[in-house]
Amino acid sequence: MTNLLKNSLSQDQIADAYRRGIIELPYPPRELWIEPTNRCNLRCPKCPHATGLKRAMGIMSEEIFRDLIEEVSDWKPLISFHLGGESLLVPDLPDRIRLAAEHGMSTVLHSNGLLLTEDYSRRLIDSGLELLSVSVDGEDERSYREAMGGGNFNRLKRNVTRFLELRTSRSPFLVIRVTRPSPDKFPRADESPLAEWGADYLQIADQHVWSGADAERRRDLGLGLDGPLSACARIWYGMGILWDGTVVPCCMDMEGEHPIGSTRVNSVRAIWNGEAMVKLRRNHVAGEFGDIALCRNCDELREGGPHTGWEEAKGRMKLWLRKRAHSLFRPYG
């Protein structure tokens, strides 16, 4: 069993804190979404990059990254190398992944895969990366270009298949993630043409909106506006760190509109239970989402099964953790 799967399945302490509504947590963050860069080579219509990010563009400095890894090596959280951009645009990304792996941390990378050349593939395979997730929203060249805002479908297929040929084992584990264009498309993973690419797992995801999106955007995607809401499990589990060291509550805050601290000023542990993060958890426990630009209309508040109050929160949290792990490590079917 890999460290990633093991860590995802052993978080009873988190589930208990979530169920009880504890807002100052007795444990450090178990996952950090680290942003190597917020630059991107695509302009997908579903993404804030389609209209251009408002915040400055950049690449995380080696100093910020090294200091961060040194600090969190005490408890070894899962490191997800993505947030607001295409991480493969960072030339030394494999070296950064290797540094985290050498410090005993599990590593995940999410990418659109278009820059996954043979050389880059070899370096990623040798870096200690545990899982690579590639977004392929479309089943052919036409649908892919429409969904992804450009890009070359056939090149991507070659990149992915060559990556699989270069591996000497099932590591990094390769996930193809496709967003269901409508409720009647891709009803089963094994019915998708993308299953022929040979990835270890094909993950079919529903449409979603980024945090802070308005009601009109939800309607455009055919998503409902009704239904019960509950506290978001993410803020009991992890945080996001932007390229300049700014810390945000989760990976949904692509614009950095809800900063809760900076690793250049405070430690990750201090920010995790700092005033801003504690206040956010308090608002979620109270069900006060309407005034939080980051959270209102966010799909994370509508996911995870029945919402009948805090008596079911522990079950929901466990389901969320297991769903995350099994969706990454289960074969087709």
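Because the structure is a prediction, the values reported are computed rather than measured.

A.B. asks: Whenever I open this one, the pattern of salt bridges confuses me. Can you help?
C.D. replies: Should the charged atoms of two oppositely charged side chains come close, the side chains can pair. Tallied over the full model, the rule gives 11 salt bridges. Here arginine 122 and glutamate 118 are joined by a salt bridge, their closest N and O atoms 2.9 Å apart. Taken together, the residues span about one helical turn, with arginine 122 and glutamate 118 both in helix H5 (residues 118-126) at a distance of four residues. The exposure class assigned to arginine 122 is partly exposed, which follows from its relative accessible area of 41%.

A.B. asks: Whenever I open this one, the nonpolar core confuses me. Can you help?
C.D. replies: Side chains of nonpolar character tend, in soluble globular proteins, to be buried together. Val136, Ile176, Trp236 and Met239 are the most contacted members of the largest nonpolar core, which totals 83 residues. The element best represented in this core is helix H7 (residues 153-166), accounting for six residues. For isoleucine 176, the residues in contact, after removing those within four places along its chain, are Val134, Val136, Val160, Leu194, Trp197, Ala199, Tyr201, Leu202 and Gln203. Formed by six residues, the second largest nonpolar core is a distinct cluster that contains Val108, Leu131, Val175 and Tyr201.

A.B. asks: Whenever I open this one, helix H4 (residues 93-102) confuses me. Can you help?
C.D. replies: In an α-helix, one turn spans 3.6 residues; hence positions three or four apart end up facing the same way. All buried positions along H4 are accounted for by Leu93, Pro94, Arg96, Ile97, Leu99 and Ala100. The elements touched by buried residues of H4 are helix H3 (62-72), strand E2 (78-81), strand E3 (107-111) and H5. Within two residues after H4, glycine 104 carries a phi angle of roughly 85°, on the positive side.

A.B. asks: For this particular structure, what's the right way to read the state of the cysteines?
C.D. replies: A disulfide bridge is the covalent bond that connects two cysteines by way of their sulfur atoms. Counted under the stated rule, the structure contains zero disulfides. Note on cysteine 251: no disulfide assigned, nearest cysteine sulfur contributed by cysteine 250 at a separation of 5.6 Å.

A.B. asks: Can you walk me through the environment of serine 262 in this structure?
C.D. replies: Here serine 262 is to be found in strand E9 (residues 261-262). For the pair formed by serine 262 and isoleucine 241, sequence separation is 21 residues and the distance between their alpha carbons is 8.2 Å. Apart from residues no more than four positions distant in its own chain, serine 262 is found in contact with Gly245, Thr246, Val247 and Ile271. From its side chain, serine 262 meets the backbone nitrogen of arginine 264 in a polar contact 3.2 Å long.

Conventions adopted
Residues numbered from 1 in each chain as written. Predicted model: local features only at pLDDT ≥ 70, side-chain atom pairs only at ≥ 80, totals over all residues. Heavy atoms only, no water. Salt bridge = Lys/Arg side-chain N within 4 Å of Asp/Glu carboxyl O. Helix = DSSP H or I, 4+ residues; strand = E, 2+ residues; numbered from the N terminus. Buried < 20%, exposed > 50% of the residue type's maximum accessible area, 1.4 Å probe, protein only. Core = buried A, V, L, I, M, F, W, Y, C linked by side-chain atoms within 4.5 Å. Contact = heavy atoms within 4.5 Å. Disulfide = S-S within 2.5 Å. Polar contact = N/O pair within 3.5 Å; in protein donor to acceptor, adjacent residues only side chain to side chain.

Note that every value here comes from positions in space, so none of it alone points to a role or purpose.
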